[in-house]
Amino acid sequence: MADIQTDMRASVTLSVRAGDRTRHDYRFTEPGTCLVGRAPDCGVRIGTDDSRVSRLHCLLDLDPPEVRVRDLGSRNGTYVNGVKVDECSLAHGDEIRIGRTMLRVSVTAPAPSGLTSCRHCGLAVPGTGSGNGETICGACRRTPRAVLIDLLNRVSNGDAGPKAAHGYQVLREIGRGGQGVVYLARHESSGELRAFKVLLSEAAVDPYARNGFLREIENTRALRHPNIVEFRDSGALGAAFFLACEFCEGGSVDQLTVPLPPERAVKIALGVLDGLAYAHDQGLVHRDIKPQNILLSGPVSARVPKLADFGLAKAFENAGLSGHTRTGSLGGSVAFMSRPQVIDYKFAKPEVDVWSAAASLYWLLTGSAPRRFPARTDPVMVVLSETAVPIRERAPSLPRRLAAVVDEALVDSPRIPIGTAAELRRALSDALP
Ligand SMILES: Nc1ncnc2c1ncn2[C@@H]1O[C@H](COP(=O)(O)OP(=O)(O)OP(=O)(O)O)[C@@H](O)[C@H]1O
Ligand SMILES: [Mg+2]
């Protein structure tokens, strides 16, 4: 059964039709990126004896059945159906030519469902995704509070919906991200204040995707650690997902005035690394560590850092929803992502979290992300071609030992040398005066 459902997923296949790897097929079913070129770390490695292929030639941005190709400033260009392109979407039957190599694109997608109606307002919307999906139209997605209140009313009237969304009183909006809106809500029976996140999918969501998402999120219920935001409830109604978790009254660290004094910044990083070490031991990688996902809990005099959104990146990916609710498959977090995570769409090892934790510490100490992202440059290209700016260039008064640890933790090519949270934690503790 599971296999049949997997086969129904949208896919993009690249078949190498000329050059040195004729007949090799690369099939993608999950959102992400894949580098094409001569370098050993390319997911599609071509033209090893062809000087017209650059080491990092172009990048595929995948969200099957959607796929885009982006030339990475290659010397001899990327051609799609004979036309030189900087960036463009690809369709079934397209041919990409890079030096002597030809890549033919094949796309499979579940049959479109024709017209479907918005779960909230009932207006007709063109169908996307599989036949039995549900959707929320663009206009309603712009007013998520109204959608939420309506859904909560329906749930409490017993009309529809998951028990999980029962008994919440929505108080006010506390934040927005690329994937949804977060509200402060009171859980009526316990009286507890909770953060109630609502994610409204752009695409129709079928029951398979919906259950996959919720199953992955439920995996995070077992995470119990002082530095991880506690999960409370999850549920879905049509194309709307709800996640309720512990409310952290100190907000996220991206809202702090930075730079912070080194002792304070390092204390936050040590808490983050404790949470990561614990989750990694349980086999869970976060994949979206950044200042917005580091929250502060407890009284002002004794704030405790906590990691939010554990399991969310993977839940989106497993449910095939990433590109529909985020801005591109990489989301908005490229500045805090390491090179291995950007170039390999399946790379989800603990060290990517450790690097992102170091990048978040760098931001707390300097007010900048580790790499320079000049205006009008492609952020993905920056991650691929630039290294982190040594931290003392940005914060000259930083203690030398601490600066050396942060700089080392931010090396990410050819690999990330400080690979475990415990290792970085030890190095940071030793570096403090
Ligand atoms: N449990 C919580 N307690 C307090 N504030 C929260 C909580 N969860 C989220 N927030 C606030 O809401 C904001 C939006 O959160 P959300 O997770 O939707 O987006 P994000 O993490 O900023 O970015 P992305 O969309 O990439 O995940 C956060 O930046 C944070 O300030
Ligand atoms: Mg978040």
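Note: the structure precedes this text.
Please read these numbers as outputs of a predicted model, since none were measured by experiment.

Draft legend 1. Examining the coordination of the magnesium ion (ligand 2) more closely. Every protein donor of the magnesium ion (ligand 2) is accounted for by Asn-293 (OD1) and Asp-309 (OD), and the metal-donor separations fall at 2.0 Å. On the criterion of sequence distance, the pair formed by Asn-293 in the loop between helix H5 (262-281) and strand S19 (294-297) and Asp-309 in the loop between strand S20 (304-307) and helix H6 (312-318) is long-range, its members being 16 residues apart. Exposure remark for Asp-309: the relative accessible area of 23% places this residue in the partly exposed category.

Draft legend 2. Expanded view of the packing of H5 against helix H13 (residues 421-431). At their nearest, the axes of H5 and H13 sit 9 Å apart, and the two run at 155° to each other. In terms of orientation, H5 lies roughly antiparallel with respect to H13. Crossing of H5 against H13: the hand is left-handed. Residues Val-266, Ala-269, Leu-270, Leu-273, Asp-274, Leu-276 and Ala-277 of H5 pack against Ala-421, Leu-424, Arg-425, Leu-428 and Ser-429 of H13. Partitioned by chemical class, the residues of the contact of H5 with H13 number nine nonpolar, one polar and two charged.

Draft legend 3. Representation of the packing of aromatic side chains in the model. Taken as a whole and judged by the stated rule, the model has three aromatic pairs. Considering the side-chain rings of Phe-196 and Phe-242, the 5.7 Å spacing of their centres and the 55° angle between planes classify their relative orientation as tilted. Note that Phe-196 is positioned in strand S16 (residues 193-200) and Phe-242 in strand S18 (residues 240-246), a separation of 46 residues in sequence. Phe-242 sits in the buried class, given a relative accessible area of 2%. Aromatic ring contacts, followed pair by pair, group Tyr-168, Phe-196 and Phe-242 into a single cluster.

Draft legend 4. Here's a closer look at the pattern of salt bridges. A full pass over the atoms with the stated rule returns 20 salt bridges. Residue Arg-68 pairs with Glu-87 through a salt bridge whose shortest N-O separation is 3.1 Å. Here the residue Arg-68 occupies a position in strand S6 (residues 66-71), and Glu-87 occupies one in strand S9 (residues 87-89), the gap between them amounting to 19 residues. A residue is classified by how much of its surface remains accessible, and Glu-87, at 39% relative accessible area, is partly exposed. Note that Glu-216 and Lys-314 form a salt bridge whose closest N and O atoms lie 3.8 Å from each other. Of this pair, Glu-216 sits in helix H4 (residues 207-219) while Lys-314 is found in helix H6, placing the two residues 98 residues apart along the sequence. Judged by relative accessible area, Glu-216 falls into the buried class, the value being 7%. Within the structure, one salt-bridge network assembled from shared partners comprises Glu-192, Arg-194, Arg-224, Glu-230, Arg-232 and Asp-233.

Criteria and cut-off values
Residues numbered from 1 in each chain as written. Chains lettered and ligands numbered in written order. Predicted model: local features only at pLDDT ≥ 70, side-chain atom pairs only at ≥ 80, totals over all residues. Heavy atoms only, no water. Donors = N, O, S within 2.8 Å, 3.2 Å for Na, K, Ca; no water. Helix = DSSP H or I, 4+ residues; strand = E, 2+ residues; numbered from the N terminus. Buried < 20%, exposed > 50% of the residue type's maximum accessible area, 1.4 Å probe, protein only. Axes fitted to C-alpha atoms, helices over the stretch in contact; angles between N-to-C directions. Parallel < 35°, antiparallel > 145°, perpendicular 65-115°, else oblique. Left-handed = near helix turned anticlockwise from the far one by under 90°. Contact = heavy atoms within 4.5 Å. Nonpolar A, V, L, I, M, F, W, Y, C, P; charged D, E, K, R; others polar. Phe/Tyr/Trp six-rings, centres within 6.5 Å; stacked < 30°, edge-to-face > 60°. Salt bridge = Lys/Arg side-chain N within 4 Å of Asp/Glu carboxyl O.

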